[in-house]
Amino acid sequence: MVSPGRRQRATLKKGCLLLAGGLLALVSHRVHAGCADILPASGPPPAGAARDVKPDDILRLRDIGQPDGSMFGQPGSLGISPDGKHAAFILSRADPASNSYCRALIVIDLDRPANPRILDQGGELITSIVNLRGIRSDSGFPAPVTPAWSPDGNQVVWLRRDNGITQVWRARANGTRGEAVTRSATDITDVAWNEDGSRILFLTQPDLEAVRQKIALEGQSGWLYDDRFAPTDGLLPQLPGPLPNQLLSADPATGAVREPTDRERRYWKARDELRNAALPSAITATGRKAWTSRAEGALFGALSLSVDGKDGRPIRCENEACNGGFTGVWWDETGEELRFLRREGQANGDLGFYRWTPGKGDPERLRLTSDVLHGCVPAAHDLICTSENPNTPRHLVRLDPATGQTTPVFDPNPEFRAIRLGEVRRLFWKNDRGLEAWGDLVLPPGYDGRSRLPLIVVQYTSLGFLRGGTGDEYPIFPLASEGFAVLSLQQPDLFAKTLPGIRTVEQLIAAGNKDWAERRSLLSSLETGVDKAIAAGVADPARIGLTGLSNGATTVRFALINSDRFAAASISSCCLDPQSVAIYAGPAVARQMRSVGFPEHGDDAPEFWQPFSMARNAARMTRPLLMQLADSESLIALETFTALKAAGQPVEMFVFPRELHIKWQPVHRRAIYQRNIDWFRFWLQNRIDPDLAKSDQYRRWTAMMARAEPAPTPNP
């Protein structure tokens, strides 16, 4: 079973620094039977009538990069060979049968049919570590892994995780299987070759194990309860973050490690500044720069584009096309022409591709598309990107900078061409604050438009292929195939951004919390989108379900308190109530919440909590509510759940072991998918799955329905 870093630790020797000389013994290449199809079968998909989509079709998609179309600004997933003729990437596929992930390092040809080849297979899912309020936390979301080619194009290095530790691995491009290079006591977080390819540079955090041991030693005399505690993750001090990084240099042949040279440090710093820049930028081989920036002091001002002029003075692009949501910037091979992608159009729902020769006129837009392009990297004269749209899973394309047109390169999920998906209609609207938003209305396959359907709203972004919303727990197309209309919501921009005088993130949050202004803005957008689906003659206003994770779950809770539009709901995280905020999230969270407008513990504050607390409104919470929560977040839900149960409300809560904010275990995601489908079929369609294994589930739900109000007996 796979386990992310803070859930499973290797046994480490006290005082061990980092690495031992010599290559790590080759890890056994046992391949689980469920991973035999990590690469799709060659040739066209089977002939015959298209079939309806199933939950496992979404769950078992082969992924390149992070599986969320809204994740702009992350490190790319593609490594391009120095000659521009090959691409390397990690292909990942969930395997619920073994509750693990099939992972492989793939190389494809770019100048002829892709011909994908596996250079290495194996390893565990690597998840993203985030630092929140001084605490190191595992998000559960897949971390970006970018393979790096040696300058001579003969080898590839990448990060691979085995037995709970991430190491540097390498493989030869001629097909020799991979081998571990490092033997690190703590996770390695980044890797690259040095300039001449003689050494491998990598980043790690050597203090991490010492901090773990210090916390364990402190426990012998008891831990002081302080800001290090986050009780939802257990009653023990959490690891601090961020910790200092250390750059090291390894011999690729022997694995021997030393301190980097000054030249290697300078090279890494330049690479790191470009790769991890907060805003899109680019630099040529001769050092000519292009960068995006905001006006000084403008926390949310529009980005502007500038380049180095030939005389050394910066040139700022004054055209309207250079004022907005840049997602990528690249120079051509000559360093004369700049190419860029930016979000634009109604509610930023499109991507525009431009080229611009500084000093020679305005930028020219070559392409405007609702497709999402991610992680574009130069390859010879072109750009290689991942591409997806609402009903097409992610695949590789070649973008021609001369025309802006894309051509397919590699499709990791060709089977989807034989799967029948419902029609997707994009709806646009403005909320009562004048903020633009949109949603993708997904209809059942073959829907004839003559009947009104129960509607399920999935939140809170709708960019790229429609999986299961943010967090991927509400499978959109499988729900549609069960006879639901599904509105995949793209929420509007933050209302507080429109207010004057906002200079810090804390001010932004506090302004949004005042009279729950941000929540009211999101509720207005939600209800307006639902009204659009009703006005289109699709949605039945009496049968509307609502779902969400994280910010989306907060929108659900606020809607259930302040609106009577929704007949049933399901949430993936919960909750903020008076005691929960003050106690169960830990002292650092409680202090931060007070700093952005929440009342002090002991202050009853009825006017503050009445529009927001489900526990305070338990007597009115009569709509059926399903809660499917990570064990690491369930403690903060107990105040709400207990109040709802005491009030006799139709609520059910499931807790998933060793889970995180984003639930990463395939067997759990499969169960969550299916239970959400069952839940909404029962409450919005009056249907029961005849599977006898689910009889207890339906017995409980039928009892809930009987207590709530008289209703007809559901039919199979």
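Residues numbered from 1 in each chain as written. Predicted model: local features only at pLDDT ≥ 70, side-chain atom pairs only at ≥ 80, totals over all residues. Heavy atoms only, no water.

### A word on the environment of G234
Inspection of the secondary structure puts G234 in the loop between α2 (207-218) and β15 (246-250). Residue G234 is classed as partly exposed on the basis of its relative accessible area, which comes to 22%. For the pair G234 and G345, spaced 111 residues apart in sequence, the C-alpha to C-alpha distance is 46 Å. (Helix = DSSP H or I, 4+ residues; strand = E, 2+ residues; numbered from the N terminus. Buried < 20%, exposed > 50% of the residue type's maximum accessible area, 1.4 Å probe, protein only.)

### What about the pattern of salt bridges?
Taken as a whole and judged by the stated rule, the model has 49 salt bridges. One salt bridge in this structure joins R394 and E388, with 2.7 Å as the shortest N-O distance. Given a relative accessible area of 4%, E388 falls into the buried group. Across the salt bridge formed by E652 and R700, the nearest N and O atoms sit 2.6 Å from each other. Taken together, the residues span a long stretch of sequence, with E652 in strand β37 (residues 651-656) and R700 in helix α13 (residues 695-708) at a distance of 48 residues. Residue classification places E652 among the buried positions, given a relative accessible area of 8%. On the accessibility criterion, R700 (28% relative accessible area) is partly exposed. (Salt bridge = Lys/Arg side-chain N within 4 Å of Asp/Glu carboxyl O.)

### Re the sheet that holds strand β33 (residues 485-490)
Pairing is mixed in the open sheet, where eight strands are placed in the order β30-β31-β33-β32-β34-β35-β36-β37. Edge positions in the sheet fall to β30 (424-430) and β37, since each has one partner strand and no second. Taking each pair of neighbouring strands and ignoring which way they run, the sheet shows an average axis angle of 20°. In the sheet, strand β32 (residues 453-458) pairs with β33 via four bridges, with the strands oriented parallel. In the strand pairing of β33, I456 is matched with V486. The sheet contacts of helix α6 (residues 517-535) involve β30, β31 (436-442), β32, β33 and β34 (539-548), and relative to β30 the element is tilted by about 130°. (Pairing = 2+ DSSP bridges. Axes fitted to C-alpha atoms, helices over the stretch in contact; angles between N-to-C directions. Contact = heavy atoms within 4.5 Å.)

### Quick look at the environment of F608
Structurally, F608 is set in helix α10 (residues 606-609). We classify F608 as buried; its relative accessible area is 17%. As for F608 and S387, which are separated by 221 residues in sequence, their C-alpha atoms are 44 Å apart. With near-sequence residues (within four places) excluded, F608 lies in contact with W516, G597, F598 and P599.

### Observations regarding the confidence of the model for the protein
Per-residue confidence for the protein gives a mean pLDDT of 90; residues scoring 70 or more make up 93%. Every residue in residues 1-31 is under pLDDT 50, and counting partners more than four places away or in other chains gives 89 contacts. Between residues 710-716, whose pLDDT stays under 50, and residues either more than four places distant or in other chains, the model counts twelve contacts. (pLDDT = per-residue confidence, 0-100.)

### A short note on the packing of helix α12 (residues 666-685) against α13
Remark: α12 packs on α13, axes separated minimally by 11 Å, with the N-to-C direction vectors making an angle of 35°. Crossing geometry of α12 relative to α13 is assigned as right-handed. Each of R675, D678, W679, F682 and W683 in α12 lies in contact with α13, whose residues at this interface are Q697, Y698, W701, T702, M704 and M705. Grouping the amino acids of the contact of α12 with α13 by side-chain chemistry returns seven nonpolar, two polar and two charged. (Left-handed = near helix turned anticlockwise from the far one by under 90°. Nonpolar A, V, L, I, M, F, W, Y, C, P; charged D, E, K, R; others polar.)

### What about the sheet that holds strand β16 (residues 257-258)?
The strand order across the open sheet formed by four strands is β13-β14-β15-β16, and the pairing between neighbours is antiparallel. Because the sheet does not close on itself, it has two edges, and the strands there are β13 (188-193) and β16. Pairing analysis gives five bridges linking β13 to strand β14 (residues 200-204), with the strands arranged antiparallel. When the bridges of β14 are listed, W193 appears paired with I200. Strands β13, β14, β15 and β16 of the sheet are contacted by helix α3 (residues 262-275), whose axis makes an angle of about 115° with β13.

### Structural notes on the packing of aromatic side chains
Tallying each qualifying case throughout the model produces 20 aromatic pairs. Aromatic pair W158 and W169: ring centres 6.4 Å apart, planes at 45°, arrangement tilted. Residue W158 is located in strand β10 (residues 155-162), and its partner W169 is located in strand β11 (residues 165-172); the two are separated by eleven residues in the primary sequence. Judged by relative accessible area, which is 1%, W169 ranks as buried. Through a chain of ring-to-ring contacts, the aromatic side chains of W516, F598, F608, W609 and F612 assemble into a single cluster. The lysine or arginine in question, R160, covers the ring of W169, its NZ or CZ lying 3.9 Å from the ring centre. (Phe/Tyr/Trp six-rings, centres within 6.5 Å; stacked < 30°, edge-to-face > 60°. Lys NZ or Arg CZ within 6 Å of the ring centre and 35° of its normal.)

### Side note on the pairing of β30
Examined bridge by bridge, β30 and β31 share seven bridges and lie antiparallel to one another. Looking at the pairing, F428 lines up with W438 of β31. In textbook terms, the turn of a hairpin is the stretch between consecutive antiparallel strands, and for β30 and β31 this stretch comprises five residues, one of which, G434, has a positive phi near 80°.

### A few points about unusual backbone geometry
Residues G241 and P242 are joined by a peptide bond in cis, for which omega reads -5°. Each neighbour pair has its own omega, and for C574 with C575 the value is 5°, a cis peptide bond. Relative to the helices and strands, C575 is located in the loop between β35 (568-571) and α8 (578-584). Notably, N99 is not glycine yet its phi reads approximately 50°, a positive angle. For N99, the location among the structural elements is in the loop between β4 (86-95) and β5 (100-109). N99 sits in the buried class, given a relative accessible area of 5%.

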